[in-house]
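The residues making up each chain are set out below.
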Amino acid sequence: MHASHHTDLNAADPIDVTIAGLSTAPPHDMTENLENQSQDDLESHLAQVQALLAKMRLVEDLVHRQGGPRQDLVENLVHKQNLSELQRKLDELHPADVAYILEALPIDERLLVWDLVKAERDGEILLEVSDSVRESLIQTMDKPELLAAAESLDTDEIADIAADLPHDVIQELLTTLDAQKRARLQSTLSYPEDTVGALMDYEMVTIRADVTLEVALRYLRRLGELPDQLDKLFVVDRDDAIIGVLPLKRLLTTDPEASVAAVMVEDFVKFHPEDDAHEASQAFERYDLVMAPVVNAAGTLIGRLTIDAVVDYIRESADADMLSMAGLKEEEDLFSSVWHAAKTRWMWLAINLGTAFIASRVIGEFEHSIAKLTALAALMPIIAGIGGNSGNQTTTLIIRGLALGHVTPANARRLVKKEIGVALFNGLMWGSVVGVFAWLLYDNPALGGVMALAMLLNLLVAALAGIFIPMVLERVKRDPAIGSSVLLTAITDSMGFFIFLGLATLLLL
């Protein structure tokens, strides 16, 4: 039997135990209140730090204006007092809270606060901040500081920040680690970012199947400290191949004289390091996992995947998707320079500009029609706008289905039929509404009919575009969340203008 120890400080999950049918899990509204309280605390800590920084600037400015024979001495003393007060506040905060504050501060204030953080906490905080903020902090640190920060972390945590560390620091770090830790770090770094191998850690407790539960309990007591997110022990043979898992609840509630082999679970979820991290996160949600073993091709236990790593991955993926839909890069710092921020947004602005020119040329082809019936200019944005909104609804549904693995070649045809049916229903209903509106507004029933028909046709176009754009992007190995909205807007705008103005030209003029 052997174990590894995890030293991170992580917030405990809400306790969920059931005794004699009475569940003590916190009710949903209580959990929501706790989450709100946590966010309120974070914002309160940030406000306090910002207030201290503002007070420091104000006091030092007043002292500087007063002058005097010992001005430099007084300014230095006041500065140290202000820094001391700010440092005391930072020392009270969890590393994740300090990271939150650093991300919310402009560059100059961020670096001032970072200088006040105690050196032994550098590694934990670098692990918590976003990639872009981590990069700005690392640039201010010298090699000894970076080595000290990295050496304070576990192997899987070092791997999380390794991409942002200078190459010479990584090389020197590898020489300072012991053989086991060095081999584990090199192994973790060898896996692609979105795989289980990149997320796994090595903090696990293993036992043999031929010992009793009493022996296992005595062994756990001797360990003293257990890894976080531990809800089961891994049962291995003499070659370290996993043959089962022993849930802690069975260990604690079963006769101590029973053997591990008699109590262990042989049907359990396990992962390979090459498995897709997104699929693994879905498995964690589907099977309510807290941790799961990671094995190599031979079945040998090499690590574990835990719920905290999965939650971090899901959050980072969701943040990246939200930014991508707006044409922003994941690593963009809230307070990055104007030049850097502008460069990251050029490509999508250029694409938007190109699609806008296409839409304008469609309108330009019908300028004579618009000149003859000016009502067309006022009504055509309605057709394009409704089409875009309807298409976005379809696109969001398809992207979610692709992410969850629900959209497959087997059900794609029925999905297309269903969305076309929704578009037909909405087109007939809302097309009639806008048609009557246009008829009454301009006293022109023919215009109302054109409006209704254009609405129906553009909603059909929007439905088809909303389905096929993300599916095609997925097929060509591109992220559907990044380009779908831009391409959809281009199609619904251009086709909306073309359909409406084309029908009006044919039927009204």
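Only a predicted model underlies this, so the values are computations on that prediction, with no experimental measurement involved.

K.L.:
An account of the overall build of the chain is needed here, citing residue identities and associated values.
P.N.:
If you tally the helices and strands in the chain, you get 22 helices and eight strands. Of all 509 residues assigned to the chain, the portion counted as buried reaches 41%. If you take every contact in the chain between residues at least 6 apart in sequence, the share linking residues at least 24 apart comes to 67%.

K.L.:
Go over the environment of Arg-134, please, and point to the residues and values.
P.N.:
Residue placement: Arg-134 occurs in helix α6 (residues 131–138). Separated by 30 residues in sequence, Arg-134 and Asp-164 place their C-alpha atoms 7.5 Å apart. Look past the residues within four positions of Arg-134 in its chain and what remains in contact with it is Leu-126, Leu-127, Val-129, Asp-160, Ile-161 and Asp-164.

K.L.:
Provide a residue-level description of the packing of aromatic side chains, including the pertinent values.
P.N.:
The tally for this structure, following the rule as stated, stands at two aromatic pairs. Their ring planes at 15° and their centres at 6.0 Å tell us that Phe-271 and Phe-284 sit as a pair that is stacked. Of this pair, Phe-271 sits in the loop between α14 (260–263) and α15 (277–287) while Phe-284 sits in helix α15, and the two are 13 residues apart along the sequence. For Phe-271, a relative accessible area of 6% puts it in the buried group. Residue Phe-284 is classed as buried on the basis of its relative accessible area of 3%. For the ring pair Phe-366 and Phe-498, a centre distance of 6.1 Å and an interplane angle of 65° mean the geometry is edge-to-face. Residue Phe-366 is found in the loop between α17 (338–364) and α18 (367–372), and its partner Phe-498 is found in helix α22 (residues 480–507); the two are separated by 132 residues along the sequence. The exposure class of Phe-366 is buried, given its relative accessible area of 13%.

K.L.:
So, the nonpolar core: which residues are in play, and what are the values?
P.N.:
Note on soluble globular proteins: their nonpolar side chains tend to be buried together. By size, the foremost hydrophobic cluster in this structure holds 42 residues, and its most contacted members are Leu-86, Leu-102, Val-113, Trp-114 and Ile-125. Ranked by the residues each element gives to this core, the list is headed by helix α1 (residues 28–66), at five residues. Discounting chain neighbours no more than four positions away, the residues touching Trp-114 are Leu-102, Asp-122, Ile-125, Leu-126, Leu-137, Thr-140 and Met-141.

K.L.:
Run through the layout of surface pockets, naming residues and quoting values.
P.N.:
In this structure, the second largest pocket spans a volume of roughly 490 Å³. For the second largest pocket, the lining is made up of 19 residues, of which Asp-231, Lys-232, Pro-247, Leu-248 and Lys-249 are closest to its centre. Residue assignment for the lining of the second largest pocket shows that the elements contributing at least two residues are β6 (242–247), α13 (248–253) and β7 (291–295). Counting residues per element, the lining of the second largest pocket draws most heavily on α13, which supplies four residues.

K.L.:
Explain the pattern of salt bridges residue by residue, including any values.
P.N.:
If you walk through the whole model with that rule in mind, you get twelve salt bridges. When the shortest N-O distance is used, the salt bridge between Lys-118 and Asp-91 registers 3.7 Å. Residue Lys-118 is located in the loop between α4 (107–116) and α5 (122–128), and its partner Asp-91 is located in helix α2 (residues 71–91); the two are separated by 27 residues in the primary sequence. Residue Asp-91 is classed as partly exposed on the basis of its relative accessible area, which comes to 31%. The residue Asp-201 makes a salt bridge to Arg-304 at a minimum N-O spacing of 2.9 Å. Of this pair, Asp-201 sits in the loop between α11 (196–199) and β4 (205–207) while Arg-304 sits in strand β8 (residues 301–306), and the two are 103 residues apart along the sequence. Assessed through its relative accessible area of 0%, Arg-304 is described here as buried. Taken together, the shared-partner salt bridges connect Asp-131, Arg-134 and Asp-164 into one network.

K.L.:
Lay out the environment of Ile-351 in plain terms, naming residues and giving numbers.
P.N.:
In this structure, Ile-351 sits in helix α17. A residue is classified by how much of its surface remains accessible, and Ile-351, at 31% relative accessible area, is partly exposed.

K.L.:
Can you lay out the pairing of β8 for me, pointing to particular residues and giving the numbers?
P.N.:
Counting buried positions along β8 yields five of six residues, so the element is predominantly enclosed. As paired strands, β7 and β8 are joined by five bridges and run antiparallel to one another. Of the residues in β8, the one forming a bridge with Val-294 is Gly-303. In textbook terms, the turn of a hairpin is the stretch between consecutive antiparallel strands, and for β7 and β8 this stretch comprises five residues, one of which, Gly-299, has a positive phi near 85°.

K.L.:
Help me get a handle on the pairing of strand β5 (residues 232–236), residues and values and all.
P.N.:
Across the five residues that make up β5, a large majority, five, are buried. Covered by surrounding structure in β5 are Lys-232, Phe-234 and Val-236 together with Leu-233 and Val-235, the residues of both alternating faces. With two bridges connecting them, β4 and β5 associate as parallel partners. Each bridged residue has a counterpart across the sheet, and for Ile-207 the counterpart in β5 is Val-235.

K.L.:
Requested: an account of the side chain of Asp-156, with residues and values cited.
P.N.:
Summarising the element assignment, Asp-156 is placed in helix α8 (residues 155–162). Among residues more than four places away in sequence, those in contact with Asp-156 are Met-200 and Asp-201.

K.L.:
Let's hear about the side chain of Asp-122: which residues, and what values?
P.N.:
Summarising the element assignment, Asp-122 is placed in helix α5. Beyond its immediate stretch of four places on either side in the chain, Asp-122 contacts Trp-114, Val-117, Met-141 and Ala-149.

K.L.:
Please set out the packing of helix α7 (residues 143–151) against helix α9 (residues 167–176) residue by residue, giving values where relevant.
P.N.:
What describes two packed helices is the angle between their axes and the distance between those same axes. As a packed pair, α7 and α9 sit with axes 10 Å apart at the nearest point and diverge in direction by 50°. As judged from the angle between their axes, α7 and α9 are oblique. Every pair of crossing elements has a handedness; the one defined by α7 and α9 is right-handed. For the pair α7 and α9, the contacting residues are Lys-143, Leu-146, Leu-147, Ala-150 and Glu-151 in the first and Asp-168, Val-169, Glu-172, Leu-173 and Thr-176 in the second.

K.L.:
So, unusual backbone geometry: which residues are in play, and what are the values?
P.N.:
For Asp-240, which is not glycine, the phi torsion reads 65° and is therefore positive. In this fold, Asp-240 is placed in the loop between β5 and β6. The residue Asp-443 is not glycine, and still its phi comes out positive at about 50°. Take Asp-443: it is sitting in the loop between α20 (409–442) and α21 (445–475).

About the criteria used
The residue numbers shown here count from 1 along each chain, following its written sequence. For this predicted model, a pLDDT threshold of at least 70 governs which residues receive local features, and a threshold of 80 or more governs which side-chain atom pairs are given and counted, while totals over whole chains, interfaces and linings are taken from all residues. Remark: hydrogens and water are excluded; side-chain values derive from all non-hydrogen atoms of the structure. Secondary structure elements follow DSSP: runs of H or I of four or more residues count as helices, runs of E of two or more count as strands, with numbering from the N terminus. Categorising residues by exposure relies on relative accessible area from a 1.4 Å probe, with only protein chains included: less than 20% of the type maximum marks a residue as buried, more than 50% marks it as exposed, and the intermediate range marks it as partly exposed. Contacts between residues were defined by any pair of non-hydrogen atoms, one from each residue, lying within 4.5 Å. When two rings of Phe, Tyr or Trp (its six-membered ring) have centres within 6.5 Å they constitute a pair, described as stacked for plane angles under 30 degrees, edge-to-face for angles over 60, and tilted for the intermediate range. Grouping buried Ala, Val, Leu, Ile, Met, Phe, Trp, Tyr and Cys residues that are joined through side-chain atoms within 4.5 Å yields what is termed a nonpolar core. A cavity, in this analysis, means grid points on a 1 Å lattice covering only the protein atoms where a 1.4 Å probe fits yet has no way out; a pocket is instead an open set bounded by protein on both sides within 12 Å along at least five of seven lines, and a residue lines either one if it has an atom within 4 Å of a point. Grid points are joined across faces, edges and corners, and a volume is the space filled by probe spheres set on the points. In the sections that follow, a salt bridge refers to a side-chain nitrogen of Lys or Arg positioned within 4 Å of a carboxyl oxygen of Asp or Glu. Here, strands pair whenever DSSP counts at least two bridges between them. Only the stretch in contact is used when a helix axis is fitted, and all axes are lines through C-alpha atoms; the angle between N-to-C directions ranges over 0 to 180 degrees. For this classification, under 35 degrees means roughly parallel, over 145 means roughly antiparallel, 65 to 115 means roughly perpendicular, and everything else is oblique. Crossings are sorted by hand: turned counterclockwise from the far helix by less than a right angle, the near helix makes the crossing left-handed, and turned clockwise it makes it right-handed.

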